[in-house]
Amino acid sequence: IKFAQQELNSNLVQRDKDAEFSTENWLKCAKLGIQGLPIPEKYGGTDSDILTTMLTMEGLGYGCRDNGLIFALNAQMWSVQLPILTFGTETQKEKYLPGLCGGDLIGAHGMTEPDSGSDAYSLRTRAEKRDNGYVLNGTKVFVTSAPMADLAVVFATVDPAKGIGGIVAFLVEKGTPGFRVGGHTEKMGLRTSPMGELILDDCYVPAESRLGPEGAGVSIFNSSMEWERSCILASHIGAMEHQLEICIRYARERRQFGQPIGKFQSVANRIADMKVRLETARLLLYKVAWLKK
């Protein structure tokens, strides 16, 4: 908490206004070991269990007001690093995980397309087998960290007729011919976490860049989303705690009709409801972490 409060909140208003990602703060988090929390030490991580990771991210959410930075951290940890750790070859793990944990590499996750959002498996990005590899064609949109990504987990289909059984995941590096990033996507919130497009135009990747076997794309995607949709909430629990404390302090300091407004039942009830929602959410999150152990 002290690290986040002292190191991550400077010049936030201006950075949010400019939609500026802080590479400096990203590297500070990496140096502290944030990105490496769920990753084994042999790959540059800290080998923390999931509950410890959740508690750390909760503290980060409490102390850090830069919700875009926190969002970008979560996006990389759960939808890039964990898929590589879980489904990658030893060579892929050794090649990418140390850099992702150390802050030298930034990862992105490309699934959503212009015509496939909630229906994620109707994607149109194609992977054509060719010369002991694949040629990828398609566009991914609303990709967190795309503008500064060094590596992307990209999903494509080798055979639309197979439905979800034809989906394959690939690891595509920045600088690969035919792979480029589209323009920055303007947002109303999370502005310090840049978003953009990933464009694949006759992009050739060797077979060793495939993540998992053919047809495993659906399992990889479901696994990463299960991690992200549960673990990303830890930071929000910390933010809820911080907001509750601000409300309590204000209710004690603000006076009306000769007494603090917290003495009025209508105000006290609202604060009590906030506390109940916080503790309910926290216990549910901890149960998720326990079940994922």
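Residues numbered from 1 in each chain as written. Predicted model: local features only at pLDDT ≥ 70, side-chain atom pairs only at ≥ 80, totals over all residues. Heavy atoms only, no water.

A.B. asks: Teacher, can you tell me more about the overall build of the protein chain here?
C.D. replies: When its secondary structure is counted, the protein chain shows nine helices and 10 strands. In terms of C-alpha radius of gyration, the protein chain reaches 21 Å, essentially the compact-globule figure of 19 Å for 293 residues. With the C-alpha coordinates of the protein chain rotated into their principal frame, the extents come out at 80 × 35 × 35 Å. The long-range fraction of contacts in the protein chain, counting pairs at least 24 apart against all pairs at least 6 apart in sequence, stands at 72%. (Helix = DSSP H or I, 4+ residues; strand = E, 2+ residues; numbered from the N terminus. Rg over C-alpha atoms; globule rule 2.2 N^0.38 Å. Contact = heavy atoms within 4.5 Å.)

A.B. asks: Can you help me understand helix H6 (residues 90–102) in this one?
C.D. replies: Every α-helix winds through 3.6 residues per turn, so residues three or four apart in the chain are directed the same way. Taking 1.5 Å of rise per residue, the 13 residues of H6 would be expected to cover 18 Å, and the 18 Å separating its terminal C-alpha atoms lies within 8% of that figure. Tyrosine 96 marks the point of greatest bend in H6, at about 30°, and the proline proline 98 comes within the next four residues. When H6 is considered as a whole, its buried residues turn out to be Gln92, Lys93, Tyr96, Leu97, Gly99, Leu100 and Cys101. Structurally, H6 contributes buried residues whose contacts are with helix H3 (23–32), helix H5 (67–87), strand E1 (107–110), strand E4 (151–157), strand E5 (167–173) and strand E8 (210–211). Glycine 103 sits one or two positions beyond H6 and adopts a positive phi of about 90°. (Expected span 1.5 Å × (residues − 1). Bend = angle between axes of the 7 residues up to and from the residue. Buried < 20%, exposed > 50% of the residue type's maximum accessible area, 1.4 Å probe, protein only.)

A.B. asks: How should I be thinking about the pattern of salt bridges in this particular structure?
C.D. replies: Side-chain pairs of opposite charge can arise whenever the charged atoms involved come near each other. Tallied over the entire structure, the rule returns 15 salt bridges. Notably, a salt bridge pairs arginine 282 with glutamate 58, separated by 2.9 Å at the nearest N-O pair. Pair noted here: arginine 282 is in helix H9 (residues 265–292) and glutamate 58 is in helix H4 (residues 50–63), with a separation of 224 residues, a long-range link. The two residues arginine 282 and glutamate 58 agree in class, both being buried. One network of salt bridges, in which partners are shared, links Glu58, Glu241, Lys275, Glu279 and Arg282. (Salt bridge = Lys/Arg side-chain N within 4 Å of Asp/Glu carboxyl O.)

A.B. asks: Would you mind going over the environment of arginine 210 with me for this structure?
C.D. replies: Relative to the helices and strands, arginine 210 resides in strand E8. Put simply, arginine 210 and valine 168 are 42 residues apart on the chain and 7.4 Å apart in space, counted from C-alpha to C-alpha. Contacts of arginine 210, omitting those with residues within four sequence positions, involve Gln92, Tyr134, Val168, Ala169 and Phe170. A polar contact of 2.9 Å, which involves the side chain of arginine 210, links it to the side chain of tyrosine 134. (Polar contact = N/O pair within 3.5 Å; in protein donor to acceptor, adjacent residues only side chain to side chain.)

A.B. asks: In this structure, what is going on with the nonpolar core? I would like to understand it.
C.D. replies: One recurring pattern in soluble globular proteins is that nonpolar side chains are buried together. One finds Ile34, Leu60, Ile84 and Phe155 to be the most contacted residues of the largest nonpolar core, which totals 54 residues. For leucine 60, the contacting residues outside a window of four places in its chain are Ala4, Leu8, Ile34, Ile70 and Leu73. If you look at the next biggest cluster of nonpolar residues, it comprises 18 residues, including Val143, Val154, Phe179 and Cys203. (Core = buried A, V, L, I, M, F, W, Y, C linked by side-chain atoms within 4.5 Å.)

A.B. asks: Explanation requested: unusual backbone geometry in the structure shown.
C.D. replies: A negative phi angle is the norm for most residues apart from glycine, just as the trans form is the norm for most peptide bonds. At aspartate 131, a position not held by glycine, the phi torsion is positive, near 50°. Residue position: aspartate 131 is located in the loop between strand E2 (126–129) and strand E3 (133–144). Given the relative accessible area of 61%, aspartate 131 is considered exposed. The phi dihedral of phenylalanine 142 is positive, around 55°, even though this residue is not glycine. Looking at where phenylalanine 142 falls in the secondary structure, it is placed in strand E3. Overall, phenylalanine 142 belongs to the exposed group, its relative accessible area being 55%.

In short, shape yes, function no, at least from these values alone.
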